[in-house]
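Structure assessment
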Amino acid sequence: MSAHARVVVIGGGVAGCSIAYHLACHGWRDILVLDRGELTGGSTFHSAGLVGQLRSSVALTRINMASVDLYDRLATDTGRDPGWRKVGSLRLASSGERLRELERQAGWARTFGFPMTLLSAREACDRFPLMSPEGIEGALYMPTDGYIDPAGLAGALAEGARARGVRFLTGVGVTGITVTRGRVSAVVTAEGPIACEIVVNAAGIWAHEVGALAGVTVPVVPMAHEYLVTKPIEGVERGFPTMRDPDRLVYFREEVGGLLMGGYERDPAPWGLDGIPGDFTHRLLAPDWERFRPLMESAITRVPALAGAEVVRLINGPEAFTPDGEFILGEAPGVRGFFVAAGFCAHGIAGAGGVGGVMAEWIVEGRPSLDLWRMDLRRFGPQYADRALACGQATEVYSTYYDIKR
Ligand SMILES: Cc1cc2nc3c(=O)[nH]c(=O)nc-3n(C[C@H](O)[C@H](O)[C@H](O)COP(=O)(O)OP(=O)(O)OC[C@H]3O[C@@H](n4cnc5c(N)ncnc54)[C@H](O)[C@@H]3O)c2cc1C
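A look at the nonpolar core
- Judged by nonpolar contacts, the single largest core of 51 residues is most densely connected at Leu-153 and Leu-329.
- At the level of secondary structure, the elements contributing two or more residues to this core comprise strand 1 (4-10), helix 1 (14-25), strand 2 (31-35), helix 2 (58-78), helix 5 (150-163), strand 11 (192-201), strand 19 (338-342) and helix 8 (348-365).
- If you tally residues by element for this core, the top one is helix 8, at nine residues.
- Leave out the neighbours within four places in its chain, and Leu-329 touches Val-340, Ala-341, Ala-342, Phe-344, Val-355, Val-358, Met-359, Trp-362, Leu-372, Met-375, Asp-376 and Leu-377.

Topic: the site of the ligand
- Close to the ligand lie 36 residues, the nearest being Asp-35, Ser-43, Thr-44, Glu-319 and Ala-350.
- Ala-48 is positioned with one of its backbone polar atoms (N or O) 3.1 Å from a nitrogen atom of the ligand.
- In the environment of the ligand, an oxygen atom lies 3.1 Å from a nitrogen or oxygen atom belonging to the backbone of Gly-348.
- Within the residue set of the shell around the ligand, elements represented by two or more residues are helix 1, strand 2, strand 12 (221-230), strand 17 (311-321) and helix 8.
- Of the residues that constitute the shell around the ligand, the class distribution is 18 nonpolar, 15 polar and three charged.
- Each of two domains, domain 1 (4-50 + 150-221 + 323-399) and domain 2 (87-144 + 222-317), supplies a minimum of three residues to the shell around the ligand.

Overview of the packing of aromatic side chains
- In total, this model carries 15 aromatic pairs according to the counting rule given.
- Seen from their ring centres, Tyr-401 and Tyr-402 are 5.3 Å apart, and the 75 degrees between their planes marks the pair as edge-to-face. Here Tyr-401 and Tyr-402 have matching classes, each one buried.
- The rings of Tyr-251, Tyr-264, Phe-321, Tyr-398, Tyr-401 and Tyr-402 are connected pair by pair, giving a single aromatic cluster.
- Directly above the aromatic system of Trp-28 lies the positively charged group of Arg-6, at a separation of 3.6 Å from the ring centroid.

Side note on the pairing of strand 11
- Taking burial as the measure, the 10 residues of strand 11 include seven buried ones, the bulk of the element.
- As paired elements, strand 1 and strand 11 share six bridges and run parallel to each other. Each residue of the ladder has a partner; that of Val-8, found in strand 11, is Val-199.
- The pairing of strand 10 (residues 183-189) with strand 11 spans four bridges and is antiparallel. What sits directly across from Val-188, in strand 11, is Pro-193.
- Between the end of strand 10 and the start of strand 11, which pair antiparallel, lie two residues.
- Bridge count for strand 11 against strand 19 is three bridges, and the pairing is parallel.

With respect to the domain arrangement of the chain
- Under the domain assignment used here, the chain contains domain 1 (4-50 + 150-221 + 323-399) and domain 2 (87-144 + 222-317).
- The C-alpha centroid of domain 2 is placed 28 Å from the C-alpha centroid of domain 1.
- Taken together, the 23 residues of domain 1 in the interface contact 31 residues of domain 2.
- Between domain 1 and domain 2, the buried area comes to about 2,200 Å², and carbon and sulfur atoms account for 63% of it.
- Looking at the side of domain 1 facing domain 2, the largest losses of area belong to His-46, Leu-50 and Tyr-398, adding up to 33% of the total buried there.
- There are zero salt bridges connecting domain 1 and domain 2.
- Connecting domain 1 to domain 2 are 12 residue pairs in polar contact (both at pLDDT 80 or more).
- A per-element tally of the side of domain 1 that touches domain 2 places helix 9 (residues 387-399) first, with six residues.
- Looking at the side of domain 1 that touches domain 2, its residues break down into 12 nonpolar, seven polar and four charged.

Observations concerning the pattern of salt bridges
- A full pass over the atoms with the stated rule returns 23 salt bridges.
- Of the charged contacts in the structure, one is a salt bridge between Asp-77 and Arg-164, with a shortest N-O distance of 3.1 Å. Placement of the pair is Asp-77 in helix 2 and Arg-164 in the loop between helix 5 and strand 8 (167-170), with a sequence separation of 87 residues.
- The partly exposed category is assigned to Asp-77, whose relative accessible area is 33%.
- Here Arg-291 and Asp-288 are joined by a salt bridge, their closest N and O atoms 3.3 Å apart.
- For Arg-291, a relative accessible area of 11% puts it in the buried group.

Conventions adopted
- Residues numbered from 1 in each chain as written.
- Predicted model: local features only at pLDDT ≥ 70, side-chain atom pairs only at ≥ 80, totals over all residues.
- Heavy atoms only, no water.
- Core = buried A, V, L, I, M, F, W, Y, C linked by side-chain atoms within 4.5 Å.
- Buried < 20%, exposed > 50% of the residue type's maximum accessible area, 1.4 Å probe, protein only.
- Helix = DSSP H or I, 4+ residues; strand = E, 2+ residues; numbered from the N terminus.
- Contact = heavy atoms within 4.5 Å.
- Near = heavy atom within 4 Å.
- Polar contact = N/O pair within 3.5 Å; in protein donor to acceptor, adjacent residues only side chain to side chain.
- Nonpolar A, V, L, I, M, F, W, Y, C, P; charged D, E, K, R; others polar.
- Domains from an automatic or database assignment.
- Phe/Tyr/Trp six-rings, centres within 6.5 Å; stacked < 30°, edge-to-face > 60°.
- Lys NZ or Arg CZ within 6 Å of the ring centre and 35° of its normal.
- Pairing = 2+ DSSP bridges.
- Buried area = accessible area lost by both parts, 1.4 Å probe.
- Salt bridge = Lys/Arg side-chain N within 4 Å of Asp/Glu carboxyl O.

Pasting the structure below:
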């Protein structure tokens, strides 16, 4: 193992792979990605893979648009198909208030050219005929959304990075970070230290622990998130758009002729607050049917065919949430050269392409081209070292994920 690298990226999930890829595209060399387990063995491998671009802020919507722009050309660029399916998406309004929210969002998103159409209930059902039209006031249709194979995405980004000279080492965990006169100078591993100029903490649900190694508070909170996958259902077609019914707290997409359905329960489950088990790599949590039941009941009222469907599996995996529901990006205020990209609040696959781009700009040019203050690590004061505070707020963010933002 080389004892020096210009940049050490900690974490080989979609975020770490994307940042390494974009840094290499900027012409940077001597980049090393370290992962304590296998690439994608954190949250990435068990993600549902939906890629929705429209979010509650302009900056995040633009980041997600940059992701789609990248996913469109990644197979050609890297020679590896990431499994990108640009099937479009529907976002339903199952209440008058939600319809007004969608109209507001459509208004501002049009100002920067995000493609979308406002549909009637009938038009929405034509695109997803298994849906009951009951209570639908309207829907937004976004033709450039879709879904992607999360491990395929990370694999393609890693391939593109490798082709530009990035090195990847798996099974090597970072156990210490050396800071010299306010600047990061090395990472410590069981194989020995690696001197470096820049460290990127892209450690997902471990980002809090990795931050602590450098004395930096990264208030991510692992939260258990669930979705189920059914066997083929008659009438489900491969070209179905993804569909979200935020008033019912659920989302759907097609999966091998059946449906994948998940959502954000009102009673969330933080996990691993006393430390994540050392052997937790490429692992899931036990399915929690009791917690999932209200979402299942709610989903059946929108897609009645689910009631008779055979469930193949219920996936339950941890994901990094933050106290305000925004990503955590940027350079640590007290430790120069120590960057963070974590806390993706269950939309890290949608964000990965764009996040890699803005993080590479931040590292190479000293600042990103977008105003990212709402996602900047520096927005959190020292009080966020208190895990109970971070956990309480992240739990509230999760339980109100789909609520109308005013
Ligand atoms: C059930 C579920 C469904 C989801 N569905 C969607 C979806 O539909 N759409 C969407 O956009 N997002 C979704 N997400 C969220 C998405 O999967 C995550 O946001 C994304 O995968 C996070 O990627 P990451 O690279 O930040 O973290 P991870 O994939 O967790 O990668 C972090 C890596 O860091 C490594 N690491 C940690 N500590 C160390 C250390 N000390 N030294 C070396 N390596 C270390 C880990 O081994 C790990 O591989 C979902 C998440 C879950 C749990």
